[in-house]
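Letter by letter, the chains look like this.
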Amino acid sequence: MSGGIQPIRGMNDVLPAEIGLWQHLEAALRELAAAYGYEEIRVPVVEHTELFKRSIGEFTDIVEKEMYTFSDQGGDSLTLRPEATAGIARAAISNGMLRGQKHKLWCIGPMFRHERPQKGRYRQFHQFDVEAIGFEGPDVDAELIVMMARLWRVLGLTRVRLKLNSLGTPESRAAYRDKLVQYFRGHEQALDADSRRRLGGNPLRILDSKNPDMQALIAGAPLIVDHLDAASSEHFGALQAALRAAGVDFSIDPRLVRGLDYYSRTVFEWTTDALGSQDAVCSGGRYDGLIAHLGGEPTPAIGFAMGIERVVELLRQAGTVPAAHMPDVYIVAQGTRAVSAGLALAERLRDELPRRRIAFGAGGGNFKAQFRRADRSGARLALVIGDSELERGVVAVKNLRGEANQIECPMSEVGTRLEAALKE
RNA sequence: GUGGACGUAGCUCAGCUGGUAGAGCCCCGGGUUGUGAUCCCGGCCGUCGUGGGUUCGAGUCCCAUCGUCCACCCCA
C-alpha cells in the first residue's frame, strides 16, 4: 500500500500495460469518423455552469447532484463538462456555424460526473462523441447508427444490441406526459418511492424502473409510440425502414427514455450483456430544440456518445486486440565510451531505418542484466557494444529469438545488416 | 446519497479459535573475468489502509474513518 497522495476517487490512471487497448480503439474511431466524412472538433473541458443547466435540464440527476461545479477567482460559476453535446452546441453558436450550415463533427475526451464509482462507471470517464448539426433526418439518424454498427464489426464486438424509440416533438411529448401522469395518479398507491418522486419531475423515467414490483403497472401504461404526432411518426418509420435496408438489427423499446431533457424524436441506445449493471455502451438522440433554446438560430441536430472505458472493457474481454508493439532492436552497451557510441549508433539507425523501433538500453548494469532487459523488451535482435567491439570498429548482432546465433559486422554496415535480418 | 463484501511487501496472495509477519512473481547480485528467456544460491522490499478502544499481548476482537469492488440510484 502506498502512503502519500491518493488519486481522486473514481479517477483512474491508464497505465502502459493497458494503453494498447485505448490506442487501438482511438485509432479505429478516428478512422471511422474520417470514413464517414466527419470532422474533429475540440472544445473546452470547462464551461459556464449555466450552459449545462439550460441544456441538460435543471431537474435531471446530472445537474441536480452530479456536476463538478466551482467558482473561479472572478466569482463565475464554472462546471467540468458532464457530457459533450452542450459544449459543442455552444461552440456552433459562438463560432457562427449555424444559419443553415451543416456540420458533421466528432470529439473525444474526458467527462466528469460526481457519482458513486462502480464497474463501468467513473467520475472521470471518456467519451467518443458524434454530432450532426443542421440535419433534419431521418437519413442522418440512420447514418449515425450504421456508423456504430460498423464500429462493432470492425472491433469484433458481438455482444451489443440496439434499442430504438421516438419521443416525438416537445408538444406531442407533453400531451403524452399528461396522459402518463393521469395513468400513474390513478395507481398512486402502487408506486414505489422513487416513482412517486419522479411523477412530479420526470414521469417518463418511471417507465425505466428496474423494480420488479412495478413491472405490471408499467406494462399497462400508455405507450409513447401511440401518441406521436404525424410528422414524428413518419420520421420514426423512415428511420426503421432505412435501418432494415442497411441490414442493421434493432428492437423498439417504448420505455427507452433518455435522462437528458433536450432529446426529441429519435433516441437510441446500444447495450451489452457483458458489463454487469452499467450496460449502456453508446447512446444518443435527436435534439432539434437545443440550439434555439441556447440562443442560436433554430437548427435541427442529432448526436450520440460512446463510453470509451466500457468499450475498452468489451475489447479486453473479447481478447481481439493485437499485442503492443515491441522494439525491433535493443542496444546493449557497457563502458563509458561504448555507451556514448551506442547512443550515437541508435540515432544513426533511427535515421537509416525510420520505420524500425530502436530501443537503447540505458540504465547501466552488467551485460547479464542488460540482456535480461533486452529479452523482456520483446526485441528480436540485440546489438552489443563493449570495449572489444569498440577497438575493432564492429558491433555484435545477436538474435534473441530462436537459435542463439551471434555475428559481428562493421559499424558502417549495421543498418543494412539489421534490415536484412529483420526481414527474415 | 443508500446497502453489502473487502483492505497484509511494487504485484498475486497465505497467516487456524489473539502470542509482536510468510510464499511466489518482480527487482538486484552471484554461479558463467562480457551475453537473456531455463536451473541453482543469496539479497532488497512491510508504520499488516488510517486513528482510537479492549487485552499482559491485536494482522487477528470492537468502534470510527479513508479507500477499493459489487449492487441500488443514474448513466457512457
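Calculation criteria
- Residues numbered from 1 in each chain as written.
- Chains lettered and ligands numbered in written order.
- Predicted model: local features only at pLDDT ≥ 70, side-chain atom pairs only at ≥ 80, totals over all residues.
- Helix = DSSP H or I, 4+ residues; strand = E, 2+ residues; numbered from the N terminus.
- Rg over C-alpha atoms; globule rule 2.2 N^0.38 Å.
- Domains from an automatic or database assignment.
- Pairing = 2+ DSSP bridges.
- Axes fitted to C-alpha atoms, helices over the stretch in contact; angles between N-to-C directions.
- Buried ≥ 20, exposed ≤ 12 C-beta atoms within 10 Å, placed from the backbone.
- Contact = placed C-beta atoms within 7 Å.
- Parallel < 35°, antiparallel > 145°, perpendicular 65-115°, else oblique.
- Left-handed = near helix turned anticlockwise from the far one by under 90°.

The next point concerns the overall build of chain A. In terms of regular secondary structure, chain A is built from 15 helices and 16 strands. Relative to the compact-globule value of 22 Å for 424 residues, chain A shows a C-alpha radius of gyration of 28 Å, a clear excess of over 25%. Taken along the three principal axes of its C-alpha coordinates, chain A extends 95 × 55 × 45 Å.

Before going further, it helps to examine the domain arrangement of chain A. According to the domain assignment, chain A consists of domain 1 (16–168 + 228–318) and domain 2 (329–423). Each of domain 1 and domain 2 has a C-alpha centre, and these two points are 49 Å apart.

This next bit is on the sheet that holds strand β4 (residues 77–80). Read across the open sheet, the three strands follow the order β2-β4-β3; overall the sheet is antiparallel. In this open sheet, the two edge strands, each paired with only one partner strand, are β2 (46–48) and β3 (68–71). Shown here is a sheet whose adjacent strand axes are inclined to one another by a mean of 35°, direction ignored. In this sheet, β4 lies alongside β2 in antiparallel orientation, the contact comprising three bridges.

Below, the discussion takes up helix α4 (residues 85–94). Residues that lie three or four places apart on an α-helix share one face, since the helix turns once every 3.6 residues. In terms of residue burial, α4 counts as a mostly covered element, since eight of its ten residues are buried. Residues of α4 that are buried in the fold lie against β2, α2 (49–56), β5 (103–112), β6 (124–133), α10 (290–293) and β11 (301–307). Just beyond α4, the residue with positive phi is G96, at close to 60°.

Phi at R99 takes a positive value of approximately 50°, unusual for a residue other than glycine. For R99, the position within the fold is in the loop between α4 and β5.

With respect to burial, strand β10 (residues 280–286) is a largely interior element, six of its seven residues being buried. Relative to β10, strand β9 (residues 264–272) is paired through six bridges, and the arrangement is antiparallel. Counted as the bridge partner of E269 is S283 from β10. Both β10 and β11 contribute to a ladder of five bridges, which runs antiparallel. Bridged to S283 within β11 is A305.

Moving on: the sheet that holds strand β7 (residues 160–166). Strand order across the open sheet formed by eight strands is β1-β5-β6-β11-β10-β9-β7-β8, with mixed pairing between neighbours. A single partner strand is all that each edge strand has here, and the edge strands are β1 (39–40) and β8 (251–252). In the sheet, β1 pairs with β5 via two bridges, with the strands oriented parallel. Bridge pairing links E40 to W106 in β5.

It is at 9 Å that the axes of helix α5 (residues 139–155) and helix α9 (residues 230–246) come closest, and there the two elements cross at 40°. Comparing the axis directions of α5 and α9 gives the class oblique. For α5 against α9, the interelement crossing comes out right-handed. Contacts between α5 and α9 involve D139, D141, A142, I145 and V146 from the first element and L239, A242, L243 and A246 from the second.

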